[in-house]
Amino acid sequence: MQIISEVREPLVTGGKTIKDVTNDIARHVENQPTRLWFICMAISIILLGTGGYFVGDLAWNGIGRWGLNKTVQWAWDITNFVWWVGIGHAGTLISAILLLFRQKWRTSINRAAEAMTIFAVICAAFWPVIHMGRPWVGAYWVLPLPNTFGSLWVNFNSPLLWDVFAISTYFSVSLVFWYVGLIPDFATIRDRATSAASRFFYGVLSFGWTGSAKDWMHYEAVSLILAGLSTPLVLSVHTIVSFDFATSVIPGWHTTIFPPYFVAGAIFSGFAMVLTLMLVIRKVYRLEDYITMEHIEMMNIIIIVTGSIVGIAYTTEFFIAWYSGVEYEQYAFINRATGPYWWAYWAMMTCNVISPQLFWIKKIRTSLVWTFFLSIIVNIGMWFERFVIIVTSLHRDYLPSSWVYFTPTIHDIMSYVFTFGLFFFLFFLFAKFFPVVNMAEVKAVLKDSNSKVYRARRTLVNEPLPQLEENTVEAK
Amino acid sequence: MAMEKDKHYLIGVFSDHDDLLHGIEDMRDKGVKIHEVYSPYPVHGLEHALGYKRSWMPKAAFGFGALGTTLAITMQVSMMAIDWPMIIGGKSYLAVPDFVPVSFEMTVLLAAFGMVGTFLVTRDLKPYKVPRIFDIRATDDKHIVAVDLAANKLSEEQISSLFKEAHAEEVYRRDFADEEKSPSFISYMVDLFTNGVTRSSRISTHR
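What counts and what doesn't
- Residues numbered from 1 in each chain as written.
- Chains lettered and ligands numbered in written order.
- Predicted model: local features only at pLDDT ≥ 70, side-chain atom pairs only at ≥ 80, totals over all residues.
- Heavy atoms only, no water.
- Axes fitted to C-alpha atoms, helices over the stretch in contact; angles between N-to-C directions.
- Helix = DSSP H or I, 4+ residues; strand = E, 2+ residues; numbered from the N terminus.
- Parallel < 35°, antiparallel > 145°, perpendicular 65-115°, else oblique.
- Left-handed = near helix turned anticlockwise from the far one by under 90°.
- Contact = heavy atoms within 4.5 Å.
- Buried area = accessible area lost by both parts, 1.4 Å probe.
- Salt bridge = Lys/Arg side-chain N within 4 Å of Asp/Glu carboxyl O.
- Polar contact = N/O pair within 3.5 Å; in protein donor to acceptor, adjacent residues only side chain to side chain.
- Nonpolar A, V, L, I, M, F, W, Y, C, P; charged D, E, K, R; others polar.
- Buried < 20%, exposed > 50% of the residue type's maximum accessible area, 1.4 Å probe, protein only.

J.: Tell me about the packing of helix α10 (residues 293-324) of chain A against helix α14 (residues 368-394) of chain A, residues and numbers included.
T.: Residue and element names in this part refer to chain A. Viewed as axis vectors pointing N to C, α10 and α14 meet at an angle of 30°, and their least axial separation amounts to 12 Å. The angle between α10 and α14 places the two elements in the roughly parallel class. In the packing of α10 onto α14, the handedness of the crossing is left-handed. Residue-level contacts link M293, I296, N300, I303, V310 and Y314 of α10 to L368, T371, V378, M382 and E385 of α14.

J.: Hey, could you go over the interface of chain A and chain B for me, with residue numbers and the actual values?
T.: In this assembly, 63 residues from chain A lie in contact with 71 residues from chain B. Between chain A and chain B the total buried area reaches about 6,200 Å² when both faces are included, carbon and sulfur atoms providing 70% of it. Across the chain A-chain B interface, the total number found is 2 salt bridges. One salt bridge in this structure joins A:K19 and B:D140, with 2.5 Å as the shortest N-O distance. Linking chain A with chain B are 17 residue pairs in polar contact (both at pLDDT 80 or more). Taken together, the elements giving at least two residues each to the side of chain A that touches chain B come down to α1 (18-30), α6 (159-192), α7 (196-205), α8 (213-246) and α16 (439-458) of chain A. By residue number, the principal contributor to the side of chain A that touches chain B is α8(A), which donates 17 residues. Of the residues contributing to the side of chain A that touches chain B, the split by class is 35 nonpolar, 15 polar and 13 charged.

J.: Can you explain the side chain of A:R106? Please cite residues and give values.
T.: Residue and element names in this part refer to chain A. By secondary structure assignment, the location of R106 is in the loop between α3 (76-100) and α4 (110-131). The buried category is assigned to R106, whose relative accessible area is 9%. Excluding residues that lie within four positions of it along the chain, R106 makes contacts with I94, S95, L98, L99 and E441.

Encoded structure:
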């Protein structure tokens, strides 16, 4: 007998029925897009277009257009890469890790979070691809294809190659996971469609799903295994991303703490981005009953936890640099905090370590305005974290004559803007044409979360509950 | 339609999944053979109530995962140590720890794709499938139980009253002309091109 917590709020509020769930979510796919959607889409396309011009310039003229120099050979490119990959992590965390932990509150946010993951990984993958300079021959450098370019095979000893495998696996497995989750919802939209064209379109997308018990049985097994596979996968991805730095010998990079520290940071920034997007979707699509204050509070609590882990990692790094007695290591860290990039270091410390601690206050944690504001602050902080790690470790080279200060050019800035345009373009397309909340999963938790929680609250937990069977009563 | 309808089903409609579960168990105890149940969301315990065998998808995942590991190790060892050995920092050609990340990723990749592929192929889920839909509410808010009358010894009236005893909200009969259509990809595309998207007979015309 599982126990229902008496204090839990129901997952979906407003006394929604299963029919309401279908209507509330499918409505946004079926209705004409709103004026606001067109405005948002126009802005995204402007960003994509203007950024795209600069990206075309990079492809045509080469990445010398960026502000990189002999000493700082990596700057915004890999900063943005790591930042976008990190953002992607929350989607998999919500859909996979929280599924394994049976956290049912994930059901109303997982779809949008997974979509965000996929789009963020696309934006991340853009950076190494454009950084190749000649992406059209890049397949030979990153994939084990027979070729005549120098050494015959790619180097499997290089963390950069591990990254290729990690990111591409992560992207494709996330895409499959997301799509498998979408199939039943596409079938719902297909069966509601009034025009033959949309019946055809969603019919193709739904793969002929009927919701038969046998299909659901295998589907559930598939989802669980995909969650089980995605959980180590998501942890491995940012671990391998951190290996890009950790396996080098640059003071400030050569650190064993990087894998857990990067993973925590990734989840931290990912949840912040999920909050930013979900608060907007919740408002625009009036999903207050599905994405409740409890959901927001839960995500804010995860932000406190991961933000604190990140804070401890910063402190540990500093302590170990001092404790190691290696003066180069010590210099790298003191230079971070007090050198020419002190402003970036302190921006990172303020945004990532101090600001999430405000969420200990319940009023702030349950305030939409504060949550939205802090979620953006966290992502600014996480961008600075990567910038600090990358640029401040490189800009003081071994020879003082090579010491430089990195300044971005318009091409650095605009190619970053391009990825924002791409991300929001894809996200708004998704928000219009795909169901933003996983209807099937929300329906599955609806009965447990509503009627049973209400009934359980009226009944003492120890008393036998009338009419309730063992296998149908579930704790959230 | 002139065609004779020779597939006869009795459809029971349920709203509550607990009623559905108990109803299915009772009906099966009384000897009703159930064709299939269609639900808008996964109902836990339904596969047991229907007496289905446990899903073998985990085995498929394991098999494909093992294949992924094997391929990854074979690829890395053959490329790095056999086909074109290169001296990298004076390290061993067979740098086993370095092969762990790629082996892991390929395991996950093949396990995930292999399992999902197996799922789609064995359940015959594909973009050009035209499914037989008993009741379109099955993807909205109702659980639809279909009983094939030809496969049951009990009469239609008996099954109907058993449905009522199981608290089915609605019981009705539905007849189909033929077996479930499963067009080949080619016939699907031909139909689509000749009739166009909006008039193709290959879209689910269940309204």
